[in-house]
Amino acid sequence: MTTALFVQGFAAVVLAVIGAVLWKLLPLVIESFTSSLLSLPGPPSPGWFRGNIKQILESENESIRDQWLETYGPVITYRGYLSAPRLFTTDTRAINHILTHSFVYQKPAQARRGLSRLLGEGMSSSFDVPSEQHRQQRRIMNPAFGPAQIRELTEIFVDKSIELRDVWTAQLSPTDEDTVIDVTNALSKMTLDVIGLAGFNYEFNSLNPKGEPNELARAFDQIFTMPDKITPMMILQNFFPVLNLIKTERTRQVDAALKTMQRIGRQLITEKKAAILQESSEKGAGVGRKDLQGRDLLTLLLRANMATDIPDSQRLSDDDVLAREYWFLVAGHETTSTGTAWCLFALAQAPDVQRKLREELLTIPTDTPTMDELNSLPYLDMVARESMRLHAPVATTIRVAAEDDVLPLNAPFRDLSGVLRDHVDVKANNAIIVPIATMNRAKSLWGADADEFRPERWESPPEAAASIPGVWSNTLTFLGGPRACIGYRFSIVEMKALVYTLVRAFEFGLAVPAHEVRRAPGVVQRPSLRSDPAQRSQLPLLVRRY
């Protein structure tokens, strides 16, 4: 009797899961046949489950989407997972509309669920708050990422850059011959250490070759080390959350690591709030927004959030604060290390640029420059801009329309019926790809040499590039609009500190032919080698003392 009841109960659960999946799948199937985006030109889909995604993953440097634009025009549609249509355009007026209307064009539910699972509900809810509340929350967070705070953090950037320099110096050949060093590994450790100190005043100790990773570093690595292969079940679990009831070894490991991150994070918040209250008590005054002091961003954010001169409606909960700090850790760690790795790769291929840059860097008579000294170097600035233009760490991002909208265009196009259209009718739930890398390399905007690494182009940037609605340097590297990357100044100054320290100390050359290096598929475009079937992140360079 007991066995029969168990079987019946198990069967009921299985049927409920199947029913939930089918209920969620039905709108996707209908959308794949009826979407208004299907009236746009675009490539044929080779399959229903993955659509055109396999072609994109197997292409080099977003080249397949660039080819589609050349073939079908600047406004196209292609198929994503489960054959869902996706709008893809390089029309700058359309991109500006999408980025500035961030509460119409939002991160997809799948991305919000993933962030919620990894970073807490506070991160997911931050994408859903009304526009006025979001602006209020930004006012609390903005001072933590402003020029004054980044100026204070530059010492951390420089100290950790010097520590990385010393690690590589110890690896060099004693005979001054070229030494092959995989630069990605140590750069990733360096930026993790920086995020720990600048974000939490927490020492990850990952760059120290004699140190052991601490508990939070191990948890972080456990969660954000991607599996070697994205399985169909992982894709389905992202679309259909009910399938997360099926536990795997990976999900159990993530759950345990999350508990560690939440425990340590809440402990840090409790300690820092107590210190802030004690300091304000000793001063005999409440916490005010003008009292924005504290070297790490968490202290600064908490101090701003605890200020007595802001209304309660603008305050963040502790979980919200923690989620944003972890998001900053995730977003700022791999993107900066990857961007710096690609910069060194570009310099290794351009010895004249590397030489010119080094001559400028050596005009500053110190190993420990300030932010203002770093920003005073024009050629370093041009190298940073050109590298982040040509090698944007994130190639694309996706938005989904929360309601029907009309997407205006700079130039008209013809749809599949031959009708000339000056706009795109967007329906609720339509997916739109923001083409970061494609816009950054578009010949129509940057000229015929757009695919070349030429820092001098920033002496007189092309007039057409001014129409790109980016928050930094007329590129989409850090996006634009109300949801632009709030930490872009942090990333750029950190990258400048790294390049300043490393190029003054070393000469860099290619350890493998340039065509052997490719971008590994993923959200962050990490360098990898074509000869490595596992597509591990790596970038071997020849390094010697200068």
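How each quantity is defined
Residues numbered from 1 in each chain as written. Predicted model: local features only at pLDDT ≥ 70, side-chain atom pairs only at ≥ 80, totals over all residues. Heavy atoms only, no water. Phe/Tyr/Trp six-rings, centres within 6.5 Å; stacked < 30°, edge-to-face > 60°. Helix = DSSP H or I, 4+ residues; strand = E, 2+ residues; numbered from the N terminus. Buried < 20%, exposed > 50% of the residue type's maximum accessible area, 1.4 Å probe, protein only. Lys NZ or Arg CZ within 6 Å of the ring centre and 35° of its normal. Pairing = 2+ DSSP bridges. Axes fitted to C-alpha atoms, helices over the stretch in contact; angles between N-to-C directions. Contact = heavy atoms within 4.5 Å. Salt bridge = Lys/Arg side-chain N within 4 Å of Asp/Glu carboxyl O.

1. Re the packing of aromatic side chains
So, step 1. In this structure the tally under the stated criterion is 11 aromatic pairs.
So, step 2. Taken together, a centroid distance of 5.3 Å and an interplanar angle of 40 degrees make the contact between Trp68 and Tyr78 tilted. Residue Trp68 is found in helix H3 (residues 63-72), and its partner Tyr78 is found in strand S1 (residues 75-79); the two are separated by 10 residues along the sequence. Each member of the pair Trp68 and Tyr78 is classed as buried.
So, step 3. Residues Phe478 and Tyr488 carry aromatic rings whose centres are separated by 6.2 Å and whose planes lie at 50 degrees to one another, so their mutual orientation is tilted. Separated by 10 residues along the polypeptide, Phe478 in the loop between helix H19 (443-446) and helix H20 (488-505) and Tyr488 in helix H20 bring together distant segments of the chain. Each member of the pair, Phe478 as well as Tyr488, carries the same accessibility label: buried.
So, step 4. In this structure an aromatic cluster arises from ring pairing among Trp68, Tyr78 and Phe88.
So, step 5. Note that Arg385 overlies the ring of Trp458, its terminal NZ or CZ placed 6.0 Å from the centroid.
So, step 6. Here the guanidinium or amino end of Arg389 rests over the ring plane of Trp446, the centre of that ring lying 5.2 Å away.

2. Notes on the sheet that holds strand S4 (residues 179-182)
So, step 1. One open sheet accounts for 3 strands, arranged S4-S12-S9; its pairing is antiparallel. Each edge of the open sheet carries a strand with a single partner, namely S4 and strand S9 (506-510). Direction aside, neighbouring strands of the sheet carry axes that sit 40 degrees apart on average.
So, step 2. As defined by bridge partners, S4 adjoins strand S12 (residues 540-545) across 4 bridges and the pair is classed as antiparallel. Within S12, the position partnered with Asp182 by the bridge is Pro540.
So, step 3. Helix H14 (residues 318-349) rests against S9 and S12 of the sheet, and its axis sits at about 80 degrees to S9.

3. Side note on the sheet that holds strand S2 (residues 85-89)
So, step 1. Strand order in the open sheet formed by 5 strands is S1-S2-S8-S5-S3, with mixed pairing between adjacent strands. Looking at the sheet topology across the chains shown, the edges are occupied by S1 and strand S3 (105-106).
So, step 2. Of the strand pairs in this sheet, S2 and strand S8 (residues 431-434) are connected by 3 bridges, and their pairing is parallel. Following the sheet pairing, Arg86 is matched in S8 by Ala431.
So, step 3. Each of S1, S2 and S8 touches H3; the most contacted strand, S1, lies at about 130 degrees to it.
So, step 4. Packing against the sheet, helix H4 (residues 92-100) makes contact with S2, S3, strand S5 (397-401) and S8, and its axis sits at approximately 110 degrees to S8.

4. A closer look at the pattern of salt bridges
So, step 1. What the rule picks out here adds up to 26 salt bridges.
So, step 2. In this structure, Arg151 and Asp372 form a salt bridge, with 3.2 Å as the shortest nitrogen-oxygen distance. Separated by 221 residues along the polypeptide, Arg151 in helix H8 (residues 147-171) and Asp372 in helix H16 (residues 371-375) bring together distant segments of the chain.
So, step 3. Residue class for Arg151 comes out partly exposed when judged on its relative accessible area of 37%.
So, step 4. Its salt-bridge partner being Asp296, residue Lys272 comes within 3.5 Å of it at the nearest N-O pair. Of this pair, Lys272 sits in helix H12 (residues 249-283) while Asp296 sits in the loop between H12 and helix H13 (297-305), and the two are 24 residues apart along the sequence. In this structure, Lys272 and Asp296 share a single accessibility class: buried.
So, step 5. Residues participating in the shared-partner salt-bridge network are Glu386, Arg389, Asp449, Arg454 and Arg457.

These figures come from the coordinates and say nothing about function on their own.
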